[in-house]
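Here are the chains, one letter per residue:
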Amino acid sequence: MENLTVLGSTGSIGQSTLDVVRRNRDLFCVYALGAGSNAERMISDCIEFNPAYAVLQQESAAEKVRTELKNHPEIRTEVLSGSDALNSIASAGECDSVMAAIVGSAGLVSALAAVKSGKKLYLANKESLIMTGHLFIDAARKSNSQILPVDSEHNAIFQSLPESEQHRIGFCDLEKAGISHVLLTGSGGPFRECPLEQLESVTPAQALAHPTWSMGPKITVDSSTMMNKGFEFIEAKWLFNLANSQIKVLVHPQSVVHSMVQYVDGSVIAELGNPDMRTPIARVMAYPNRITSGVEPMDFVKLSGLTFMEPDYNRYPCLKLAIDSCWSGQAATTALNAANEVAVYAFLNGRIAYLDIYRVCADTVARFDSDSIADVDSVLDLHSRAEVFASQLVSRILR
Ligand code: NAD
Ligand code: MG
């Protein structure tokens, strides 16, 4: 029985994780749940999974959960609030593995707590790698924490690697493994064919309508700008220890091929499937075995075709900015992540226009990319300064 902590349990990945647990009760026991403020969802999950701990970011939400659970004396859950409690459920001795699925920079410290205490880490929160890069990988190496990638593209690459490299996440040697490069695929989002002059007037509702994947709001907007693919480029660099020549991005509108690995002999190994995150979640949770996930089997006869194209950087300037930041260095990607977070929420709240997301990010990266980062404290410091700077840019733009 594996004792699992789910961080971000009330979100899209968190709920898919609990669904995989639901189907494999003989293998997994929910040790703890952690989330932001969704008390209703936390109450129903506590009643169903009876974890030892439930942690909410907000004390008011925690109090609501506590009060309701008093009506269920069979539930043993202790309800806590705040960041320290979140870090303790990520690093507790009783916990074997952690699903890191809090969205954004808020997920960094708890994911790091899990890594530092040597837990098996199912990594969905890509922002923590964007923010800290080799600091995160080094911490995992030091504590012997095994990182297993949940993001569908990275999970597909992971599955397409030789087994030896699957055990060397963070310090793979792809050249030695006979790999020429990895092909990172992305759907291109809802605006792949939208006339460029119409992008300025894109509304939040339009950006939230992703053609193939159902996800939380932030990553859905990131997918529409392809900032998400840029983040995944940076994430792939760290997970698979890639050089510039070892990674290419391909637009693949059907989201059936979740990414591929091209070998020097001409072989290409890919992972294919329906776009449902329960597949990569079940893959990491059962690794090296296989378990059922609830995902419908792929029906190839129903596929209309698989197409691939180069990304158009005029359409997706955020993708180009993220790739440039990746090779520019840690300060650039930390600043990019902070600015994007500020800009995406400002766009969703109707404060800035769609194309301002790129403008805020580019100006923030330019301001901070030559800063130096030595440790996690300097990451958090740069993150805060970049957030303030980006917020000032938003105020200046304010419509
Ligand atoms: P979501 O918005 O649906 O859920 C986010 C979760 O984080 C919620 O449980 C929320 O309560 C929690 N949270 C937010 N702020 C918090 C805080 N300060 N403290 C504690 N908990 C907090 O997001 P999602 O789509 O599930 O994405 C989660 C992460 O997984 C993101 O980093 C995203 O990039 C990554 N990811 C998601 C998908 C997907 O299909 N949804 C795919 C790949 C990667
Ligand atoms: Mg992805």
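Everything below is about the structure printed above this text.
What counts, and where the lines are drawn
Residues numbered from 1 in each chain as written. Chains lettered and ligands numbered in written order. Predicted model: local features only at pLDDT ≥ 70, side-chain atom pairs only at ≥ 80, totals over all residues. Heavy atoms only, no water. Pairing = 2+ DSSP bridges. Helix = DSSP H or I, 4+ residues; strand = E, 2+ residues; numbered from the N terminus. Axes fitted to C-alpha atoms, helices over the stretch in contact; angles between N-to-C directions. Salt bridge = Lys/Arg side-chain N within 4 Å of Asp/Glu carboxyl O. Expected span 1.5 Å × (residues − 1). Buried < 20%, exposed > 50% of the residue type's maximum accessible area, 1.4 Å probe, protein only. Contact = heavy atoms within 4.5 Å. Donors = N, O, S within 2.8 Å, 3.2 Å for Na, K, Ca; no water. Right-handed = clockwise from strand over helix to strand, strands pointing away.

S.K.: How do you make sense of the sheet that holds strand E10 (residues 257–263) when you look at a structure like this?
M.R.: What holds strands together in a sheet is hydrogen bonding between their backbones, with the strands either parallel or antiparallel. Pairing is mixed in the open sheet, where four strands are placed in the order E9-E8-E10-E11. Single-partner strands in this sheet number two, and they are strand E9 (247–251) and strand E11 (268–272). On average, adjacent strands in this sheet sit at an angle of 20° to one another, irrespective of strand direction. Alignment of strand E8 (residues 179–186) against E10, held across four bridges, turns out to be antiparallel. Bridged to His-181 within E10 is Gln-262.

S.K.: Even after reading the chapter, I still don't get the pattern of salt bridges, so can you show me in this structure?
M.R.: Oppositely charged side chains are able to pair whenever their charged atoms sit close together. As enumerated under the stated definition, the model contains 24 salt bridges in all. Here Arg-22 and Asp-19 are joined by a salt bridge, their closest N and O atoms 2.9 Å apart. Pair noted here: Arg-22 and Asp-19 are both in helix H1 (residues 12–22), with a separation of three residues, about one helical turn. In this structure, Asp-19 and Arg-23 form a salt bridge, with 2.9 Å as the shortest nitrogen-oxygen distance.

S.K.: Sorry if this is basic, but what is going on with helix H16 (residues 356–368) here?
M.R.: The end-to-end C-alpha distance of H16 is 18 Å, a good match for the 18 Å that 13 residues give at a rise of 1.5 Å each. Among all positions of H16, only Asp-356, Ile-357, Val-360, Cys-361, Ala-362, Thr-364, Val-365 and Phe-368 are buried. Next to the buried residues of H16 lie helix H11 (217–225), helix H12 (227–240), helix H14 (317–328), helix H15 (330–348) and helix H17 (376–397).

S.K.: Mind showing me how you'd approach the coordination of the magnesium ion (ligand 2) here?
M.R.: Six octahedral donors around a metal ideally subtend angles of 90 or 180 degrees, whereas four tetrahedral donors ideally subtend 109.5 degrees. Protein-derived coordination of the magnesium ion (ligand 2) comes from Asp-151 (OD), Glu-153 (OE) and Glu-232 (OE), at a distance range of 2.1 to 2.2 Å. In primary sequence terms, the donor set of the magnesium ion (ligand 2) follows D-x1-E-x78-E. With Glu-153 in helix H8 (residues 152–160) and Glu-232 in helix H12, the pair connects residues that are 79 residues apart, well separated along the chain. Residues Glu-153 and Glu-232 agree in their burial class; the two are buried.

S.K.: Before we go on, may I ask you to explain the pairing of strand E1 (residues 2–7) in this structure?
M.R.: Successive side chains on a regular strand alternate, one facing one side of the sheet and the next facing the other. In terms of burial, E1 is a largely internal element, five of the six residues being buried. The handedness of the E1 to strand E2 (residues 28–35) crossover, carried by H1, is right-handed. Looking at chain direction, E1 and strand E5 (residues 97–100) are connected through four bridges and run parallel. Looking across to E5, one finds that Val-6 is bridged to Met-99.

Such coordinate-based values are descriptive only and should not be taken to indicate function.
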